[in-house]
Structure formats: structure tokens, C-alpha cells
Amino acid sequence: MALSLVSLVALLRTKRTQQRVDFGSRLLYGLPVFFAFYLLFADNVHFGWLESRIIPRNIWLEGLAVSITAAGIAFAIWARFYIGENWSSAVSIRVDHQLIRTGPYAWVRHPIYSGLLLAVIGTALTRREPRGLFALILLWLGFWIKSRMEEGFMRKTFGEEYLEYVRSTGALIPRIRP
């Protein structure tokens, strides 16, 4: 909820779009993301064995899970604020787009996705059901597809500068540097 509110408010302060992927491409990454969140949060639909509790109730694990979720959401919000006017929900290049390489973007190229994946890991642990794992896989798939599209736009826009950025950071998980 907090991330949605932040995104809606920040949407008012974004640059105009210069180039955007077509609707079919948006469906390609949007559908797995939609179904991931639906699978994880739809309590009015029964998913059979996917709702079986596979992890026993444990207060320490639940506390850890909530902490992981909060950390993921906080990281995603930090990244959203940090990218500022360059952000878009659809894969696109903004007018006067800038390559952000500091803050959370110094660690990973897609920190909003990293934060959301971390939050879903925590939420799945809280639910203790197989559907959490399937939701995580679907979300990762959607973000993987979307990040590949974004990286194509960024290589085309920033060339060698972006390629050097790719060599120095991980896509969703920080690259360990020697």
C-alpha cells in the first residue's frame, strides 16, 4: 500500500515519454506480475493444495518474514524516490533521460524489482503456503522479462556508459566485487 501511494504521488513528477514498448510487450511482462500478486493476495479464491501450510507456525520466522517484507518495501520506495522523474511503470525512455548510478542503483540496476522480490519472499514466508513460492517465481519471470526490455532501451540510449554500468552491477542481486 505504501509503495502504491508513493508511486501514485511521484507519478505526477515524471518526464514526458520519448519511447515506450508496445502494448503486447507490456502484456508479456505484466501478466506474470499480475498473476503473481493475484496468487499471493487473493483470499476469496481457493487454490487447493497451493493453500496447504508447508511451514509450521513459528513466531521468530514470522517476525523475520515481516522484517524481510518491510526491508524490501523500504528498498523499493528508496529506489523509486531516487530514480525520480526518469521512472515509468512501462518500459520506456523519458525525454532527457538520465542514467542513475548512485544510491540503490549503485548496487543493482533494477532495485525497485529487487525490493519487491524481497518483499514477496517475506510475504510468502508469512503465508507459509506453496502459492507463495509460485508467486515468487511468476514475479521473478515478469521482472526478468521487463528488465531485459529495459536494458535493451538503456544500451541503445547510453551505449558504452551503460555497458560499463552492467559490468559493475548486478541486475537484481548485487554483484560481489573482488
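Further up the page is the structure itself.
If you're wondering where the values come from, they're calculated on a predicted model, not measured in any experiment.

(A) Representation of the overall build of the protein in the model. When you go through the protein residue by residue, the secondary structure sums to six helices and two strands. Ordered by position in the sequence, the α and β elements of the protein form the string α-β-α-α-β-α-α-α. Long-range pairs, those at least 24 residues apart, make up 81% of the contacts in the protein between residues at least 6 apart in sequence. Roughly 10,200 Å² of accessible area belongs to the protein as shown, and the carbon and sulfur atoms make up 68% of that amount.

(B) Broad picture of the nonpolar core. Core analysis: the biggest nonpolar cluster contains 31 residues, and Y105, I112, L139 and F143 have the highest contact counts within it. Examining the composition of this core, we find that eight residues originate from one element, helix 5 (residues 130-158), more than from any other. In contact with L139, not counting residues within four places along its chain, are P32, V33, A36, F37, L116, L117 and V120.

(C) Representation of the packing of helix 2 (residues 23-41) against helix 4 (residues 111-127) within the structure. Packing of helix 2 against helix 4 leaves a shortest axis separation of 11 Å and a crossing angle of 30 degrees. If you check the angle between helix 2 and helix 4, you find them roughly parallel. Considering how the two elements wind past one another, helix 2 and helix 4 form a crossing that is left-handed. Contacts between helix 2 and helix 4 involve F37, L40 and F41 from the former and V120, T123, A124 and R127 from the latter.

(D) Quick peek at the packing of aromatic side chains. Taken as a whole, this structure holds 10 aromatic pairs when the rule is applied. A ring pair is formed by F75 and W78, whose centres lie 5.8 Å apart and whose planes are at 70 degrees; its orientation type is edge-to-face. Here F75 and its partner W78 are both found in helix 3 (residues 59-83), three residues apart, which amounts to about one turn of the helix. Measuring from centroid to centroid gives 6.2 Å for W78 and Y82, while their planes differ by 75 degrees, and the two rings are edge-to-face. Of the two residues, W78 and Y82 are both situated in helix 3; the distance of four residues between them amounts to about one turn of the helix. Cluster of aromatic residues (ring-pair linked, three or more members): F75, W78, Y82 and W107.

(E) Molecular detail of the pattern of salt bridges. Following the criterion strictly, the structure yields seven salt bridges and no others. As a salt-bridge pair, E129 and R131 come within 2.6 Å of each other at their nearest N and O atoms. Taken together, the shared-partner salt bridges connect R57, E62 and R128 into one network.

Conventions we followed
- Residues numbered from 1 in each chain as written.
- Predicted model: local features only at pLDDT ≥ 70, side-chain atom pairs only at ≥ 80, totals over all residues.
- Heavy atoms only, no water.
- Helix = DSSP H or I, 4+ residues; strand = E, 2+ residues; numbered from the N terminus.
- Contact = heavy atoms within 4.5 Å.
- Areas by Shrake-Rupley, 256 points an atom, 1.4 Å probe, with all protein chains shown as cover.
- Core = buried A, V, L, I, M, F, W, Y, C linked by side-chain atoms within 4.5 Å.
- Buried < 20%, exposed > 50% of the residue type's maximum accessible area, 1.4 Å probe, protein only.
- Axes fitted to C-alpha atoms, helices over the stretch in contact; angles between N-to-C directions.
- Parallel < 35°, antiparallel > 145°, perpendicular 65-115°, else oblique.
- Left-handed = near helix turned anticlockwise from the far one by under 90°.
- Phe/Tyr/Trp six-rings, centres within 6.5 Å; stacked < 30°, edge-to-face > 60°.
- Salt bridge = Lys/Arg side-chain N within 4 Å of Asp/Glu carboxyl O.

Treat this as a map of the structure, not an account of what it does.
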